Amino acid sequence: MATLRDKLWLWGQSPDAHYEHNNTYHLPGHSRMTAVEGAMYFDIPNICRVRMMGHPIPPYDQESIAMRPCDRVVWSLLGAGGEPVTEWGDVEEVIRQAKIFPNIVGGVFDDFFLPARISHYTPDRLGEIKRKMSEEVGRKMEMWVVFYEDKFEIPGIADYLNAFDVITFWTWKGSQLERAAQNLDHVRELAPDKKIMAGCYMWNYGERCPLTIEQMKFQTDLYLDYLKAGKIDGVIVCSNCIADLGIPEVEWMRNWIREHRDIVIGE
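Notes on the structure follow. (Residues numbered from 1 in each chain as written. Predicted model: local features only at pLDDT ≥ 70, side-chain atom pairs only at ≥ 80, totals over all residues. Heavy atoms only, no water.)

1. Topic: the pattern of salt bridges
Reasoning step 1: Taken as a whole, this structure holds 18 salt bridges when the rule is applied.
Reasoning step 2: A salt bridge links Lys151 to Asp150, with the nearest nitrogen and oxygen atoms 3.9 Å apart.
Reasoning step 3: On the accessibility criterion, Lys151 (17% relative accessible area) is buried.
Reasoning step 4: Relative accessible area serves as the criterion here: at 56%, Asp150 is assigned to the exposed category.
Reasoning step 5: We note a salt bridge from Lys217 to Asp221, for which the minimum N-O separation is 2.8 Å. Linking Lys217 with Asp221, this pair stays in helix α8 (residues 213-228), spanning four residues, or about one helical turn.
Reasoning step 6: For Asp221, a relative accessible area of 32% gives the class partly exposed. (Salt bridge = Lys/Arg side-chain N within 4 Å of Asp/Glu carboxyl O. Buried < 20%, exposed > 50% of the residue type's maximum accessible area, 1.4 Å probe, protein only. Helix = DSSP H or I, 4+ residues; strand = E, 2+ residues; numbered from the N terminus.)

2. So, the packing of aromatic side chains
Reasoning step 1: Summed over all chains, the structure comprises 23 aromatic pairs.
Reasoning step 2: Ring geometry for Phe109 versus Tyr121: centroids 5.3 Å apart, planes at 70°, classification edge-to-face. Taken together, the residues Phe109 in strand β5 (residues 104-109) and Tyr121 in the loop between α4 (115-120) and α5 (123-137) connect sequence positions twelve residues apart.
Reasoning step 3: Its relative accessible area of 0% is what places Phe109 among the buried residues.
Reasoning step 4: With centroids separated by 6.1 Å and ring planes inclined at 35°, the aromatic side chains of Phe152 and Phe169 adopt a geometry described as tilted. Taken together, the residues Phe152 in the loop between β6 (142-148) and α6 (157-161) and Phe169 in strand β7 (residues 166-170) connect sequence positions 17 residues apart.
Reasoning step 5: Classification of Phe152 as buried rests on a relative accessible area of 9%.
Reasoning step 6: Through a chain of ring-to-ring contacts, three or more aromatic side chains come together here, namely Phe109, Phe112, Phe113, Tyr121, Phe147, Phe152, Tyr160, Phe164 and Phe169.
Reasoning step 7: When the ring centre of Trp88 is taken as reference, the NZ or CZ atom of Arg125 above it lies at 4.6 Å.
Reasoning step 8: When the ring centre of Tyr41 is taken as origin, the NZ or CZ atom of Arg254, which lies over that ring, is 4.0 Å away. (Phe/Tyr/Trp six-rings, centres within 6.5 Å; stacked < 30°, edge-to-face > 60°. Lys NZ or Arg CZ within 6 Å of the ring centre and 35° of its normal.)

3. Points about the sheet that holds β6
Reasoning step 1: Pairing in this closed barrel of eight strands is parallel, and the strands run β2-β3-β4-β5-β6-β7-β8-β9 around the ring. On average, each strand axis in the sheet is tilted by 30° relative to the strand beside it, whichever way the strands run.
Reasoning step 2: Across four bridges, the pairing between β7 and strand β8 (residues 195-201) is parallel. Bridging across to β8, Ile167 finds its partner in Ile196.
Reasoning step 3: Taken strand by strand, helix α7 (residues 180-190) contacts β6, β7 and β8, and its axis lies near 160° from that of β7. (Pairing = 2+ DSSP bridges. Axes fitted to C-alpha atoms, helices over the stretch in contact; angles between N-to-C directions. Contact = heavy atoms within 4.5 Å.)

4. A few points about the side chain of Asp16
Reasoning step 1: The residue Asp16 is located in the loop between β2 (8-12) and α1 (35-42) in this model.
Reasoning step 2: By relative accessible area, Asp16 is classed as buried at 18%.
Reasoning step 3: At 2.6 Å, the side chain of Asp16 forms a polar contact with the side chain of His30.
Reasoning step 4: A distance of 2.8 Å separates the side chain of Asp16 from the backbone nitrogen of Ser31, its partner in a polar contact.
Reasoning step 5: Excluding residues that lie within four positions of it along the chain, Asp16 makes contacts with Gly29, His30, Ser31, Arg32 and Cys241. (Polar contact = N/O pair within 3.5 Å; in protein donor to acceptor, adjacent residues only side chain to side chain.)

5. Examining the packing of helix α3 (residues 91-100) against α5
For any two helices packed against each other, one specifies the crossing angle of their axes together with the interaxial distance.
Reasoning step 1: Across the interface, α3 lies against α5 with an axial gap of 9 Å and an inter-helix angle of 30°. The pairing of α3 with α5 is recorded here as roughly parallel in orientation. For the element pair α3 and α5, the recorded crossing hand is right-handed. Taken together, the residues of α5 that come into contact with α3 (itself represented by Val91, Glu92, Val94, Ile95, Ala98 and Lys99) are Ile129, Lys132, Met133, Glu136 and Val137. (Parallel < 35°, antiparallel > 145°, perpendicular 65-115°, else oblique. Left-handed = near helix turned anticlockwise from the far one by under 90°.)

Structure, rendered in structure tokens:
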């Protein structure tokens, strides 16, 4: 039987990636913590390593070596919204890494549901990328996607979601967390046979301010209940690049993991 710890993932990005050029999100300082350091800091065994602000720069061998102790790693197929759309994303590099490092189990499209991205990566093309990864690596490779609470009304959204293996659902605005259960249920309705991961922010990026401890407790209680009920398959904690800024909600999250890590989650 799996434990809560087994179901946790770190949304791993390069140090200071969320500060951006002008501190868009009003963070309280600069970060120097790497993704691997973040995984150790929170005691999280799995990492989604995602490109943002032009980093990391391929080839990814050195970072993949550092992540060898991790149970599972998902590498970036297409990074955060500011990253350029390319013909096939970073699929060739993800394939190359997965051939070398057996703990790499898939690739993720971040900030996918933007007009330029969904017009280029049609469901058919996504299917080609998914097949290409598994065939060339020689084992099952999962394809993940980031999905936000404001994207439900995109035309053909179910077809896009069903092109992926894993849907990571994120509540961008803290004020919308009260709808998280309803939204997770809606994702399940749209993609009933897919894995669903709940994204857990420790900062209110959508409203450019801290989350509250009450909001942290609300979302972690919900996600734990949904894990126990089999309604979601994991929780992704975001992120290492705010973990060393002295944010109270970060330390609350560390303590929550320490307290609940050994809870058994049925398969």
